[in-house]
Amino acid sequence: MAEKKHKWNVNDLPDLSGRTAVVTGANSGLGLAATDALARAGAHVVLAVRDTERGRAAAAKVSGSTEVRRLDLADLSSVREFADGWDRPLDLLINNAGVMMLPEQRTADGFEMQFGTNHLGHFALTNLLLPHVTDRVVTVSSGLHRGGDGVIHFDDVNLRGAYTPTRAYAQSKLANLLFVLELQRRLTEAGSRVRALAAHPGYAATNLQSHHANPLARLGMGLGNRLLAQDDRAGTLPTLYAATQDLPGASYVGPDGLGEMRGAPTLVGRSRAASDPAAARRLWTLSEEMTQVTWPLGARAL
């Protein structure tokens, strides 16, 4: 009988002693699971959270070295405050936080909430922290980047008059992948050893699904969480794999099971739109204009 192939899991994490990680949205779900795994492996993990009281309660559940800092990705002044307070090397930045399929809302800066939080907040945070980053940036996307219209609405990314929860979420997750693509191009051109990667959790049971604007969709997702989804610890494995394994820049990691819904982490594909370098550059330029945060590593990459 053939020997069963080993499936990568949390026990395969390397020793991370002496390393520092920032995890956004670390107070629950995938972020808390990633925080706990990284801390157990020896890393010092900073929980970057909107609600510090909830963050401290989450940190109390983690076995290892942690601290809690306030970060509201839906408010660029908070992003700048977080970055201004950072004064040491940062080995790993995990852009995990996100909102999903909300009723139409705006960030503090007037952006559509899902695009503003999931993409623009992390875009600004990454660029502001990048001079401190020594190893890699991992951004959490979704298999749903293929959904919605499958494009970035460059004529109006805020989707005024054209908003649907699914369209906005899909656009924000597509933006995550295009951001990683252009970030890696710029890092390579700058001669940086830092790598940018993306990951998605498959279908993982988290509290994100409970915020869908449609009550019937919330009910359906709740049933799916109980019957079909893997738990948050399994869902965070692709992120941990991307964060610690020797992978090429711009790699995308997801589960290896049917439809990339569950399973062990592996390299996965992405949509044609998510692989478009021209769209990635255009999104970067737009994001700089919207956030007033620019590329920090030397001259502007062309």
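Just so you know, the residues in each chain are numbered from 1, in the order the chain's sequence is written. Given that the model is predicted, a residue must reach a pLDDT of at least 70 before its local features are reported, and side-chain atom pairs must reach 80 or more before they are shown or counted; all residues, however, enter totals for whole chains, interfaces and linings. No hydrogens and no water enter the side-chain calculation; it runs on all heavy atoms of the structure.

*Asks:* Explain helix 8 (residues 237-244) here, please?
*Replies:* Owing to its 3.6 residues per turn, the α-helix aligns residues three or four sequence positions apart on the same side. Note on classification: 1.4 Å probe, protein chains only; a residue is buried when its accessible area is under 20% of the maximum for its type, exposed when over 50%, partly exposed between these limits. Secondary structure follows DSSP: runs of H or I at least 4 residues long count as helices, runs of E at least 2 residues long count as strands, and numbering of each begins at the N terminus. For helix 8, the buried fraction is high: eight of the eight residues fall into the buried class. For helix 8, the complete set of buried residues consists of Leu237, Pro238, Thr239, Leu240, Tyr241, Ala242, Ala243 and Thr244.

*Asks:* I'm lost on the nonpolar core in this one. Help?
*Replies:* Nonpolar side chains in soluble globular proteins tend to be buried together. Val22, Phe82, Leu125, Leu129, Ile152 and Leu183 are the most contacted members of the largest nonpolar core, which totals 48 residues. Secondary structure elements with two or more residues in this core: strand 2 (44-49), helix 3 (76-84), strand 4 (90-95), helix 4 (113-129), strand 5 (133-140), helix 5 (165-189), strand 6 (195-199) and helix 9 (277-291). We call two residues in contact when some of their heavy atoms are within 4.5 Å. Residues in contact with Val22, not counting those within four places in the same chain, are Val46, Ala48, Phe82, Trp86, Leu90, Leu92, Leu93 and Ile94. By convention a nonpolar core is built from buried Ala, Val, Leu, Ile, Met, Phe, Trp, Tyr and Cys residues, the set being connected through side-chain atoms within 4.5 Å. In terms of nonpolar packing, the next biggest core, distinct from the first, is built from 31 residues, Ala26, Val62, Leu237 and Val253 among them.

*Asks:* Can you walk me through the pattern of salt bridges in this structure?
*Replies:* Where charged atoms from two side chains of opposite charge approach closely, those side chains can pair. Any Lys or Arg side-chain nitrogen located within 4 Å of an Asp or Glu carboxyl oxygen qualifies as a salt bridge. In total, this model carries 15 salt bridges according to the counting rule given. Between Arg106 and Glu104 there is a salt bridge; the shortest N-O distance is 2.9 Å. Here Arg106 falls in the partly exposed class, since its relative accessible area comes to 30%. Where Arg186 meets Glu182, a salt bridge forms, and the shortest distance between an N and an O atom there is 2.8 Å.

*Asks:* It is not clear to me how the sheet that holds strand 2 should be interpreted in this structure. Could you clarify?
*Replies:* Strand pairing within a sheet occurs via backbone hydrogen bonds; the two strands may be parallel or antiparallel. Pairing is mixed in the open sheet, where eight strands are placed in the order 3-2-1-4-5-6-7-8. Looking at which strands have only one partner, the edges of the open sheet turn out to be strand 3 (65-70) and strand 8 (265-267). With strand direction ignored, the average angle separating the axes of adjacent strands in the sheet is 25 degrees. As defined by bridge partners, strand 1 (residues 20-24) adjoins strand 4 across three bridges and the pair is classed as parallel. Here, any two strands with at least 2 DSSP bridges between them count as paired. Fitted lines through C-alpha atoms give the axes, limited to the stretch in contact for helices. The angle between two N-to-C directions lies from 0 to 180 degrees.

*Asks:* What is the right way to look at helix 5 in this model?
*Replies:* Given the number of residues in a helix, its expected span is that number minus one, multiplied by 1.5 Å. For helix 5, which comprises 25 residues, the first-to-last C-alpha distance of 36 Å matches the rise-based estimate of 36 Å (1.5 Å per residue) to within 8%. With respect to burial, helix 5 is a largely interior element, 20 of its 25 residues being buried. Once helix 5 ends, the next one or two residues include Gly191, with phi positive near 75 degrees.

*Asks:* How should the side chain of Asn118 be read in this particular structure?
*Replies:* Within the secondary structure, Asn118 is located in helix 4. Side chain to side chain, Asn118 and Ser172 meet in a polar contact 3.0 Å long. Definition of a polar contact: a pair of N or O atoms within 3.5 Å, with one able to donate and the other able to accept a hydrogen when the atoms are protein atoms, and with sequence-neighbouring residues admitted only if both atoms are side-chain atoms.

*Asks:* Looking at this structure, how should I read the environment of Asn96?
*Replies:* Within the secondary structure, Asn96 sits in the loop between strand 4 and helix 4. For Asn96 and Gly25, which are 71 residues apart along the polypeptide, the C-alpha to C-alpha distance reads 6.0 Å. Setting aside its immediate chain neighbours within four residues, Asn96 contacts Val23, Thr24, Gly25, Leu30, Gly31, His122 and Val140. At 3.3 Å, the side chain of Asn96 forms a polar contact with the backbone oxygen of Gly25.

Function cannot be read off these values alone, since they describe shape.
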